[in-house]
Amino acid sequence: MKAIGVYEYGGPEVLQVIDLPEPQAGPGEVRIRVHAAAVSPTDVMLRTGGHAVRLQDRRPPFIPGMDAAGVIDQIGLGCDDRLHVGQRVIALVLFVGEHGGAYAEQIVVPAASVVPAPANADFPAASTLLMNAMTARLALDTLGLPAGATVAVTGAAGAVGGYAVELAKADGLRVIADAAPHDAELVRGFGADHVVERGADVAAGIRAVAPDGVVGLVDASHQQAEVLGAIADGGTLIELRGWSGPAERGIRVIPVMVPDRLTDTEGLATLGRQAENGVLTLRVADVLPADEATKAHRLLEAGGLRGRIVLDFSGLS
């Protein structure tokens, strides 16, 4: 079986095509013939050593990737009849787990992490959904705001931010989002009620719309302390890369991690249905052959993408 992995940490050039034994589905697991795997910032972190502490008991090669779309080709013992061989599915993949990540022709994952692919999406588009949308879902659930409340979202033109805006609107929230001028219409299209200019002054822009501050903010732009000024006294800031403060004025800073929802089957399935019904927008920036993963990582690190780059595993050889 072919996969894309790293034997040492470094730049995009350390990614290489490698041969691995064909994995077998164990009890409670399914094997997926991968057709597409989305490329995300956490893949870059793995490649550069940002997850080394979580891999210290493992030997290379390390296989990146948390998002896969493909077809089930093997089902282990003990799985219920929710899934079947030949089914088009998407999976949230724990790349630091026993079997590695999604950059492979075949992956083995817990059945609980696998749900039907949106019927109206091709494999590349379907592969862009779960990790980013579930991150946004977890952020909003952690805030727990009632319908009618106001939430702010930074990085709203990006993958997680865009989903956060769409899910917040589906939850009945009022949304203040940021965007560069050339992305303002895109973010309004996600449903944002107010769009303020992104950048170092985004907190002031949010305060101009909500003078008392917002009770909750999802920081998908990773600005951390820069956005505290947008939040009301005693409000909550959701961080996606582990930052936990210090804050001020009684503001709670709560980091969230998507692996906490790895086996939330109903939550994952709900996201798939929302994508199928048009509540969530699947965005593909480009599709590259899997053996061009180095190029994909360079494009991601260059920034400015609107949507995910996807690796096509249908023809890897």
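Residues numbered from 1 in each chain as written. Predicted model: local features only at pLDDT ≥ 70, side-chain atom pairs only at ≥ 80, totals over all residues. Heavy atoms only, no water.

1. Some thoughts on the overall build of the protein chain
Part 1 of the argument: The number of helices and strands found in the protein chain is eight helices and 15 strands.
Part 2 of the argument: The C-alpha radius of gyration of the protein chain comes to 19 Å, within 12% of the 20 Å expected for a compact globule of 317 residues.
Part 3 of the argument: Oriented by its inertia axes, the alpha-carbon framework of the protein chain measures out at about 60 × 40 × 35 Å.
Part 4 of the argument: Considering only contacts in the protein chain between residues 6 or more positions apart, those separated by 24 or more positions represent 65%.
Part 5 of the argument: Roughly 12600 Å² of accessible area belongs to the protein chain as shown, and the carbon and sulfur atoms make up 50% of that amount.
Part 6 of the argument: The positive charge centre, built from 25 side chains, and the negative charge centre, built from 38, are 1 Å apart in the protein chain. (Helix = DSSP H or I, 4+ residues; strand = E, 2+ residues; numbered from the N terminus. Rg over C-alpha atoms; globule rule 2.2 N^0.38 Å. Contact = heavy atoms within 4.5 Å. Areas by Shrake-Rupley, 256 points an atom, 1.4 Å probe, with all protein chains shown as cover. Lys, Arg positive; Asp, Glu negative; His and termini not counted. Charge placed at Lys NZ, Arg CZ, Asp CG, Glu CD.)

2. Things to note about the environment of G78
Part 1 of the argument: For G78, the location among the structural elements is in the loop between strand 4 (67-75) and strand 5 (88-92).
Part 2 of the argument: We classify G78 as exposed; its relative accessible area is 81%.
Part 3 of the argument: C-alpha separation for the pair G78 and T281, spaced 203 residues apart in sequence, amounts to 34 Å. (Buried < 20%, exposed > 50% of the residue type's maximum accessible area, 1.4 Å probe, protein only.)

3. Remarks on the pattern of salt bridges
Part 1 of the argument: Counted under the stated rule, the structure contains 14 salt bridges.
Part 2 of the argument: For D264, the salt bridge is made with R261, and the minimal N-O distance between the two is 3.8 Å.
Part 3 of the argument: On the accessibility criterion, D264 (25% relative accessible area) is partly exposed.
Part 4 of the argument: By relative accessible area, R261 is classed as buried at 18%.
Part 5 of the argument: Within this structure, R137, D141, D171, R261 and D264 form a network of salt bridges that share partners. (Salt bridge = Lys/Arg side-chain N within 4 Å of Asp/Glu carboxyl O.)

4. With respect to helix 4 (residues 159-170)
Part 1 of the argument: In this model, helix 4 (12 residues) spans 17 Å end to end at C-alpha, consistent with the 16 Å of a helix rising 1.5 Å per residue.
Part 2 of the argument: The element helix 4 is extensively covered by neighbouring structure, given that 10 of its 12 residues are classed as buried.
Part 3 of the argument: Among the residues of helix 4, A159, V160, G161, G162, Y163, A164, V165, E166, L167 and A168 are the ones counted as buried.
Part 4 of the argument: Those residues of helix 4 that are buried lie in contact with helix 3 (130-143), strand 8 (150-154), strand 9 (174-179), helix 7 (265-276) and strand 15 (308-312).
Part 5 of the argument: Residue G172 follows helix 4 closely and has a positive phi angle near 85°. (Expected span 1.5 Å × (residues − 1).)

5. A closer look at the domain arrangement of the protein chain
Part 1 of the argument: Along its sequence, the protein chain is carved into domain 1 (2-128 + 282-312) and domain 2 (132-259).
Part 2 of the argument: For domain 1 versus domain 2, the separation of C-alpha centres amounts to 28 Å.
Part 3 of the argument: The partner domain 2 presents 13 residues to the 11 residues of domain 1 that form the contact.
Part 4 of the argument: The junction of domain 1 with domain 2 conceals about 960 Å² of combined surface from both sides, 48% of it contributed by carbon and sulfur atoms.
Part 5 of the argument: Considering only the side of domain 1, the residues that lose the most area to domain 2 are R283, R306 and R308, jointly responsible for 49% of the buried surface there.
Part 6 of the argument: One can count one salt bridge joining domain 1 with domain 2.
Part 7 of the argument: With its nearest N and O atoms 2.7 Å apart, the salt bridge here joins R306 to D183.
Part 8 of the argument: The tally of links from domain 1 across to domain 2 stands at five residue pairs in polar contact (both at pLDDT 80 or more).
Part 9 of the argument: In the side of domain 1 that touches domain 2, the residues fall into five nonpolar, one polar and five charged. (Domains from an automatic or database assignment. Buried area = accessible area lost by both parts, 1.4 Å probe. Polar contact = N/O pair within 3.5 Å; in protein donor to acceptor, adjacent residues only side chain to side chain. Nonpolar A, V, L, I, M, F, W, Y, C, P; charged D, E, K, R; others polar.)

6. A few points about helix 7
Part 1 of the argument: Between its first and last C-alpha, helix 7 extends 17 Å over 12 residues, near the 16 Å set by a 1.5 Å rise per residue.
Part 2 of the argument: Looking only at helix 7, the buried set comprises G267, L268, A269, L271, G272, Q274 and A275.
Part 3 of the argument: Buried residues along helix 7 sit in contact with strand 5, strand 7 (114-116), helix 3 and helix 4.
Part 4 of the argument: Downstream of helix 7 by a residue or two, G278 has a phi angle that is positive, lying close to 85°.

7. Notes on the nonpolar core
Within soluble globular proteins, side chains that are nonpolar tend to cluster in buried spots.
Part 1 of the argument: One finds I32, V114, L129 and F313 to be the most contacted residues of the largest nonpolar core, which totals 92 residues.
Part 2 of the argument: It is helix 3 that provides the largest number of residues to this core, a total of nine residues.
Part 3 of the argument: Both domains that furnish three or more residues to this core are identified here as domain 1 (2-128 + 282-312) and domain 2 (132-259).
Part 4 of the argument: In this structure, I32 is in contact with G70, V71, I72, D73, V89, A91, E105, Q106, I107, V109 and V114, ignoring residues within four places of it in sequence.
Part 5 of the argument: Judged by nonpolar contacts, the second largest core, of 17 residues, contains I176, V202, A210 and V214. (Core = buried A, V, L, I, M, F, W, Y, C linked by side-chain atoms within 4.5 Å.)

8. A word on the packing of aromatic side chains
Part 1 of the argument: With the rule as written, the count across this model stands at one aromatic pair.
Part 2 of the argument: For the ring pair Y9 and F62, a centre distance of 5.9 Å and an interplane angle of 15° mean the geometry is stacked. In this pair, Y9 is assigned in the loop between strand 1 (2-5) and strand 2 (16-19) and F62 in the loop between helix 1 (41-48) and strand 4, connecting sequence segments 53 residues apart.
Part 3 of the argument: When its relative accessible area of 7% is taken as the criterion, F62 is described as buried. (Phe/Tyr/Trp six-rings, centres within 6.5 Å; stacked < 30°, edge-to-face > 60°.)

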